[in-house]
Amino acid sequence: MDAMIFGIGNDLAEVDRIQIALERPRTGRRFRDRVYTPDEQAYCERRGKARYQSYAARFAAKEATMKALGRGWGRYIGWLDVEVVRQRGARPEIVLHGKAKEYAATNGIHQFHVALTHTAALAEALVIAEL
């Protein structure tokens, strides 16, 4: 049986907007913890000067995944339900948790394909959800 596409999502994030949100003295830590898993935070922080580009790419990937699933953030999917995982020397992967994982399983989605790219100013993600 050939693989079929359930949905495609694409998103663009401005690196400076993500950086500003992360650096806000009163709310930056809360934003980071609400949107990014501990492993995502650790990965991005290891990136040095490029960490904000990595945070922005992950933000875009989470949004693109929600679009590919046909579900928006909130009642159906939380930010931490979508995680971008990247092993050294390997391409990034989408891992679902919680409500997003349940929704994907219910709909027969068994694989995601993700492409991330970024410049100093913009980060983009393309996600394909496959049946």
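Residues numbered from 1 in each chain as written. Predicted model: local features only at pLDDT ≥ 70, side-chain atom pairs only at ≥ 80, totals over all residues. Heavy atoms only, no water.

**Student:** How should I be thinking about the overall build of the chain in this particular structure?
**Tutor:** Summing up its helical and strand segments, the chain has five helices and five strands in all. Along the chain, helices (α) and strands (β) appear in the sequence β-α-α-α-α-β-β-α-β-β when read from the amino end. The C-alpha atoms of the chain give 14 Å as radius of gyration, which agrees with the globular expectation for 131 residues (14 Å, within 12%). With the C-alpha coordinates of the chain rotated into their principal frame, the extents come out at 50 × 30 × 25 Å. Residue pairs in contact within the chain that sit at least 24 positions apart in sequence constitute 56% of those at least 6 positions apart. As displayed, the chain has an accessible area near 7800 Å², and 51% of this comes from carbon and sulfur atoms. (Helix = DSSP H or I, 4+ residues; strand = E, 2+ residues; numbered from the N terminus. Rg over C-alpha atoms; globule rule 2.2 N^0.38 Å. Contact = heavy atoms within 4.5 Å. Areas by Shrake-Rupley, 256 points an atom, 1.4 Å probe, with all protein chains shown as cover.)

**Student:** How should I be thinking about the packing of aromatic side chains in this particular structure?
**Tutor:** Within a pair of aromatic rings, the relevant descriptors are the distance that separates the centres and the angle that separates the planes. Here the structure, examined in full by the defined rule, presents three aromatic pairs. For the pair Phe-31 and Tyr-36, a centre-to-centre distance of 6.2 Å together with 80° between the ring planes defines the contact as edge-to-face. Between the aromatic rings of Phe-59 and Trp-79, the centroid separation amounts to 4.9 Å while the plane-to-plane angle is 25°, which identifies the pairing as stacked. Here Phe-59, found in helix H4 (residues 51–69), pairs with Trp-79, found in the loop between H4 and strand S2 (82–85); they are 20 residues apart in sequence, far enough to count as distant. For the pair Phe-59 and Trp-79, a shared accessibility class is recorded, and that class is buried. Through a chain of ring-to-ring contacts, three or more aromatic side chains come together here, namely Phe-31, Tyr-36 and Tyr-55. (Phe/Tyr/Trp six-rings, centres within 6.5 Å; stacked < 30°, edge-to-face > 60°. Buried < 20%, exposed > 50% of the residue type's maximum accessible area, 1.4 Å probe, protein only.)

**Student:** How should I be thinking about the sheet that holds strand S5 (residues 122–130) in this particular structure?
**Tutor:** Neighbouring strands of a sheet are bound in pairs by backbone hydrogen bonds; such pairs are parallel or else antiparallel. Reading across the sheet, the three strands line up as S1-S5-S4 and stay open at both edges, with antiparallel pairing between neighbours. On the outer flanks of this sheet lie strand S1 (5–14) and strand S4 (111–118), each paired with one strand and no other. Each neighbouring strand pair of the sheet contributes to a mean axis angle of 10°, computed without reference to strand direction. The pairing of S4 with S5 spans eight bridges and is classified as antiparallel. Note on S5: the bridge partner recorded for Phe-112 is Ala-129. Of the strands in this sheet, S1 and S5 are in contact with helix H1 (residues 15–23), which crosses S1 at around 75°. (Pairing = 2+ DSSP bridges. Axes fitted to C-alpha atoms, helices over the stretch in contact; angles between N-to-C directions.)

**Student:** When you look at the environment of Leu-131 in this model, what are you seeing that I'm missing?
**Tutor:** Residue placement: Leu-131 occurs in the segment after S5. The partly exposed category is assigned to Leu-131, whose relative accessible area is 31%. Separated by 19 residues in the primary sequence, Leu-131 and Phe-112 place their C-alpha atoms 9.1 Å from one another. Apart from residues no more than four positions distant in its own chain, Leu-131 is found in contact with Ala-3, Met-4, Phe-6, Asn-107, Gly-108, Ile-109 and His-110.

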